[in-house]
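# What the coordinates show
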2 protein chains.
Amino acid sequence: MAETKVTPWEVSGKVDYDKLTKQFGTKIINDDLRRRLARLASEQNILLERGVYFSHRDLDLILADHESKKGFFLYTGRGPSGPMHIGHLLPMVFTKWLQDRFGVNLYVQITDDEKFLLNRERELADVDKIANDNILDIAALGFDPNKTFIFKDTQYMRNMYPIALRVARQINLSQVRATFGFESSTNVGMAFFPAIEIIPTMFEKKRCLIPAAIDQDPFWRLQRDIAEGLGFHKAAQIHGKFLPPLTGAEGKMSASQPETAIYLSDDPKTVRNKIMKYAFSGGQESIELHRKLGGNINVDVSYAWLRDFFEQDPKKLKKIGQDYTSGKMLTGELKGILVDKVNSFLEQHRANREKAKEHVDSFMHGGALAQRMWKTVHN
Amino acid sequence: MAETKVTPWEVSGKVDYDKLTKQFGTKIINDDLRRRLARLASEQNILLERGVYFSHRDLDLILADHESKKGFFLYTGRGPSGPMHIGHLLPMVFTKWLQDRFGVNLYVQITDDEKFLLNRERELADVDKIANDNILDIAALGFDPNKTFIFKDTQYMRNMYPIALRVARQINLSQVRATFGFESSTNVGMAFFPAIEIIPTMFEKKRCLIPAAIDQDPFWRLQRDIAEGLGFHKAAQIHGKFLPPLTGAEGKMSASQPETAIYLSDDPKTVRNKIMKYAFSGGQESIELHRKLGGNINVDVSYAWLRDFFEQDPKKLKKIGQDYTSGKMLTGELKGILVDKVNSFLEQHRANREKAKEHVDSFMHGGALAQRMWKTVHN
């Protein structure tokens, strides 16, 4: 097994989430907190109930701020390195649920600067094309047009540079080396970039909640070191696990290995082929053996995808799990269920994406929050 | 004698300019080049004739570009760390002469970001106040309102961020450590800043000539490493010596030691007191000895100031030198000549500064070049 590595720019090996929470110093979301969140949201969310969003910092304080009417705001982001796959969409779907249930402002940072800096082969125009494409996928989820601001760093830096300087002045080279593993060969743009990713946590004086995959945590540790000194709250987080790559439980879906991921643009036939061909199976080697021994849902990726996101109905999921474990359901059947679920999700997503072309401007410029943000210089 | 140190942020000890040119790899401006520049400018300039501007890179190529009608542009800057003294004004005066004689565009970068990042005690508002004050002193020199753009980094970053990313991606942490002596405790804003100071050399596709004191040279060495790879010319420089501090030949005038400098805001009485009290003298201990042995113009700071800038007439300067060396002129008389020269210069400067309040906007927003720049996003 490959060595496990979890940084904002690389996830490889088998991710041990319990170990990560200890290493990063985050807290597991316990039953009490999960119930309290569901009560205040007046709704359960399967990403929480099934442990995809499993860890946090200060989520209890966020809920207290909500209860006391102080309120809070949401911040998440996307690094436009290529077309989005289903794993990229999960934090956005979860964020959308939080915005719906709590009626709060949401900031979505598109780190086009970061993705340009990371790869010397990329042109700004290429990154911009990807960014615009990603923004449509995000806009398709239907956030509140007057409470959501989606921005590209290269464009919004005009309003952020003063506060970027304030943040950057508090972070030294020793810290970014220790936190992100930066080396002598790291370019000075990347050394500066952590300041940029931290800024949106300071867009409001309220407490900020960040739903994101746990690999982004180093940025928030740094934020929590410096925020109060600059007159802002330490950012709260709710950390997600990665939807496993089709090919197995290690690492995360990767743009450089198309067989590991289902892209939002994959057509029904491609989805079927990828899942049938690549989805790592917990089934037995032959039908006879499978009928006799049953499948292993602990390693089966199709089952994991149904559990983590695609089968919202707990009764149906339970039945699938039982049937597969008992050998009643064959791998082909299990995969078939996932194929249908994914294709129906993507069909709906693509319809929403088409519609989003008409209203994406409200998130970026025209909506109430976007208009206010373009008039604000942050310092 | 203190150890000599010349970096963009610290100049101490006795500066050995010959050694610096070797260390930095620049060329001494020889007689041929000086005469060629004067011929093309149709005028001599005492800062050149008397060796204050003494070193260069690619000045010959700049002149060739002028002769072949390709043209060139000028770039210089100011770090707004405090009120400006006479030493700060010299590069600006020289730059103004170059613009007048060659009719070229000039960009003046006010590095308010740098000065904020350098000092954790400073607020952005404080730096901004200083910046605006400095800009008036610069505007007072009367640059061409339609060919000059003066900008603060904090404001103009909105148009520079894309190219800042392109530049930053080419510079790694190892290079800024080697070039600027950055350490683990250096903040990530300062690590990024060299990219910002390099950007204006890429404002046009023509060759850029930078008149500046030689302490800024590390930025240009870095620029010359990366410019051609980004599709721009290596920047040309013309390097100035420091006007010596009143107190002697070591280091440069320092804001933290007011007795070392004459500020542009010093009133006539203050100027007289400072020069009489602090200007390091090459005179003898008593009038009798002085009449007998004469003064030493090689160490006398009043004489150096007259030579470097304030006595434009070569005949008068020669006579002063002879009379002082022979003992005919006493230290008090020499200082008196300088006091009158400085006060008359400052009186004119302050009148120009008042007038500049009315036309400073043309450099920053309203002039032809400024208007074009605010419409340009550099990438």
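Before reading on, note that the structure itself is shown above.
What this report covers is the structure whose coordinates are included nearby. As the structure is a computational prediction, the values presented were derived from the model and not from experiment. (Residues numbered from 1 in each chain as written. Chains lettered and ligands numbered in written order. Predicted model: local features only at pLDDT ≥ 70, side-chain atom pairs only at ≥ 80, totals over all residues. Heavy atoms only, no water.)

### Digging into the relation of the copies chain B and chain A
When chain B is fitted to chain A, the best match, at an RMSD of 0.0 Å, comes from turning it 180° and sliding it 0.0 Å along the axis. Here the copies are linked by what is in effect a two-fold axis. Residue R158(B) of chain B places its C-alpha closer to the rotation axis than any other residue of that unit, at 1.9 Å. With an isologous cut-off of 70% or more, the 100% of interface residues of chain B that recur at the interface of chain A puts this contact in the isologous class. (Least-squares fit on C-alpha atoms with pLDDT ≥ 70 in both. Contact = heavy atoms within 4.5 Å.)

### Description of the pairing of strand β9 (residues 236–240) of chain B
Residues and elements named next belong to chain B. The element β9 is extensively covered by neighbouring structure, given that five of its five residues are classed as buried. Residues A236, I238 and G240 of β9 are buried on one face, and the alternating residues Q237 and H239, pointing to the opposite face, are buried as well. Strand direction decides the pairing type here: strand β4 (residues 53–57) and β9, joined by four bridges, are antiparallel. Residue pairing across strands places H56 opposite I238, the latter belonging to β9. Sheet topology places strand β8 (residues 207–213) next to β9; five bridges connect them, and they run parallel. Note on β9: the bridge partner recorded for I210 is Q237. Since β8 and β9 lie parallel, the crossover through helix α11 (residues 217–226) that links them has a hand, and here it is right-handed. (Buried < 20%, exposed > 50% of the residue type's maximum accessible area, 1.4 Å probe, protein only. Helix = DSSP H or I, 4+ residues; strand = E, 2+ residues; numbered from the N terminus. Pairing = 2+ DSSP bridges. Right-handed = clockwise from strand over helix to strand, strands pointing away.)

### Here we look at the interface of chain B and chain A
Where the parts come together, the accessible area they lose is often given as the size of the interface. Tallying the contact residues gives 36 residues for chain B and 36 residues for chain A. Counting each side, the surface lost to burial between chain B and chain A is near 3300 Å², with a carbon and sulfur contribution of 65%. Looking at the side of chain B facing chain A, the largest losses of area belong to Y161(B), R169(B) and V188(B), adding up to 25% of the total buried there. Linking chain B to chain A there are zero salt bridges. (Buried area = accessible area lost by both parts, 1.4 Å probe. Salt bridge = Lys/Arg side-chain N within 4 Å of Asp/Glu carboxyl O.)

### Some thoughts on the packing of aromatic side chains
Residues and elements named next belong to chain A. Per the counting criterion, the structure on display carries 51 aromatic pairs over all chains. Arranged with centres 5.5 Å apart and planes meeting at 55°, the rings of W9 and F180 form a pair that is tilted. Of the two residues, W9 is situated in the loop between β1 (5–7) and β2 (10–12) and F180 in helix α9 (residues 173–180); the sequence distance between them amounts to 171 residues. The buried category is assigned to F180, whose relative accessible area is 8%. Between F72 and F102 the ring centres are 5.6 Å apart and the planes differ by 65°, which places this aromatic pair in the edge-to-face class. Pair noted here: F72 is in strand β5 (residues 72–78) and F102 is in helix α5 (residues 86–102), with a separation of 30 residues, a long-range link. Comparing F72 with F102 shows no difference in burial state: the two are buried. A network of ring pairs unites the aromatic residues W9, Y75, F180, F182, F193, F219 and W220 as a single cluster. Stacked on the ring of F54, the Lys or Arg K241 has its end atom at 5.3 Å from the ring centre. (Phe/Tyr/Trp six-rings, centres within 6.5 Å; stacked < 30°, edge-to-face > 60°. Lys NZ or Arg CZ within 6 Å of the ring centre and 35° of its normal.)

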